[in-house]
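If you want the building blocks of each chain, they are given just below.
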Amino acid sequence: MHINHEIIFAGRSNVGKSSLIRRLTGKRVKIGRLAGVTKKPTHITFKDLLITDMPGYGFLHGVPDVVQERIKNQIIHYIEDNNERIVCAVQVIDAGAFCEIVDRWQSRGEIPVDIEMFDFLCDLGVNIAIAANKMDLVKDHDHTLDQIVERFDLLPPWRQWLDTVAPVSAKKGDVAALTTIVRDQLHKIGRDNLFKYIKM
Ligand SMILES: Nc1nc2c(ncn2[C@@H]2O[C@H](COP(=O)(O)OP(=O)(O)OP(=O)(O)O)[C@@H](O)[C@H]2O)c(=O)[nH]1
Ligand SMILES: [Mg+2]
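Quick notes on the rules
- Residues numbered from 1 in each chain as written.
- Chains lettered and ligands numbered in written order.
- Predicted model: local features only at pLDDT ≥ 70, side-chain atom pairs only at ≥ 80, totals over all residues.
- Helix = DSSP H or I, 4+ residues; strand = E, 2+ residues; numbered from the N terminus.
- Rg over C-alpha atoms; globule rule 2.2 N^0.38 Å.
- Buried ≥ 20, exposed ≤ 12 C-beta atoms within 10 Å, placed from the backbone.
- Contact = placed C-beta atoms within 7 Å.
- Core = buried A, V, L, I, M, F, W, Y, C linked by C-beta atoms within 7 Å.
- Pairing = 2+ DSSP bridges.
- Axes fitted to C-alpha atoms, helices over the stretch in contact; angles between N-to-C directions.

*Asks:* If you had to explain the overall build of the chain to someone new, which residues and values would you point to?
*Replies:* Tallying secondary structure elements over the chain gives 6 helices and 6 strands in all. Secondary structure elements in the chain, listed N-terminal to C-terminal, are β-α-β-β-α-β-α-α-β-α-β-α. For the chain, whose C-alpha radius of gyration is 16 Å, the value lies close to the compact-globule estimate of 16 Å for 200 residues. Principal axes of the C-alpha set define a box for the chain whose edges measure 45 × 40 × 35 Å. The burial tally for the chain puts 36% of its 200 residues in the buried class. A separation of at least 24 residues holds for 66% of the contacts in the chain among residues at least 6 apart in sequence.

*Asks:* So, the nonpolar core: which residues are in play, and what are the values?
*Replies:* In this structure, Leu20, Val90, Ala129, Ala131, Ala132 and Leu178 are the most contacted members of the largest nonpolar core, which totals 50 residues. Considering each element in turn, this core owes the most residues, 7 residues, to strand β4 (residues 86-94). Not counting the four nearest positions on each side in its chain, Leu20 is found in contact with Phe9, Val92, Ala131, Asn133, Val168, Ala170, Val175 and Leu178.

*Asks:* Could you give an account of the sheet that holds strand β3 (residues 49-53), naming the residues involved and the relevant values?
*Replies:* In space, the 6 strands of this open sheet follow the order β2-β3-β1-β4-β5-β6, with mixed pairing throughout. Every other strand in the sheet has two partners, leaving β2 (42-46) and β6 (165-167) as the edge strands with one partner each. Strand-to-strand twist in this sheet, taken as the mean axis angle between neighbours without regard to direction, amounts to 20 degrees. Pairing of β2 with β3, which is carried by 5 bridges, proceeds in the antiparallel orientation. Within the sheet, the bridge partner assigned to Ile44 lies in β3 and is Ile51.

*Asks:* Pulling in residues and values, what's your account of the pairing of β4?
*Replies:* Burial of β4 is extensive: 9 of the 9 residues sit out of reach of the surface. In this sheet, β4 lies alongside strand β1 (residues 5-11) in parallel orientation, the contact comprising 6 bridges. The residue of β4 that forms the bridge with Glu6 is Ile86. Sheet topology note: the β4/strand β5 (residues 128-133) ladder contains 6 bridges and is parallel.

Treat this as a map of the structure, not an account of what it does.
This is the structure in structure tokens:
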């Protein structure tokens, strides 16, 4: 069947992109304890909807800079080429580690790759869902989420951004906030009939 719509999952290595896809769709995409499990864009289809699991970008232990740069560029080109059909880009972050990583890059005068990706998606006009994953490891939820939205230049409190920010735990199966955002985007294009493929 011809693909009309696409949902993509992007984010650094090991943040739980594949685990989230598994929870949302029930499909057994490959996941793993080590970074760099997903090596190239991997697809699942439901009717004319494509769900794409991207390789992780950012630092990978033992992978040369040029290769990491190539992965990032591959993702950027993929998104540019398929922009028209992308209903939602889910940007996955590790909620507990995110702020520290961003601050480390910024203190070196570099643009953190997550922020670069977010700005790129915004400029393209893609609908973005920020999935703050691994919330099961986070103690002070509200404080952490406020810190996270600030890094994306969104004004806290984070609850102002419920249409963009979804605290989730793929591990616990607590993904309703993300399901709601994704279904909302499907609803906006009149495709409630695809809700059944994106589970609560
Ligand atoms: N504690 C916790 N661990 C999680 C959660 N989601 C995923 N993980 C673990 O994080 C690790 C990486 O998960 P993946 O789903 O393979 O991550 P990925 O982002 O697809 O990784 P790459 O394909 O390497 O980019 C695995 O050990 C998962 O079990 C979560 O919500 N909480
Ligand atoms: Mg993966």
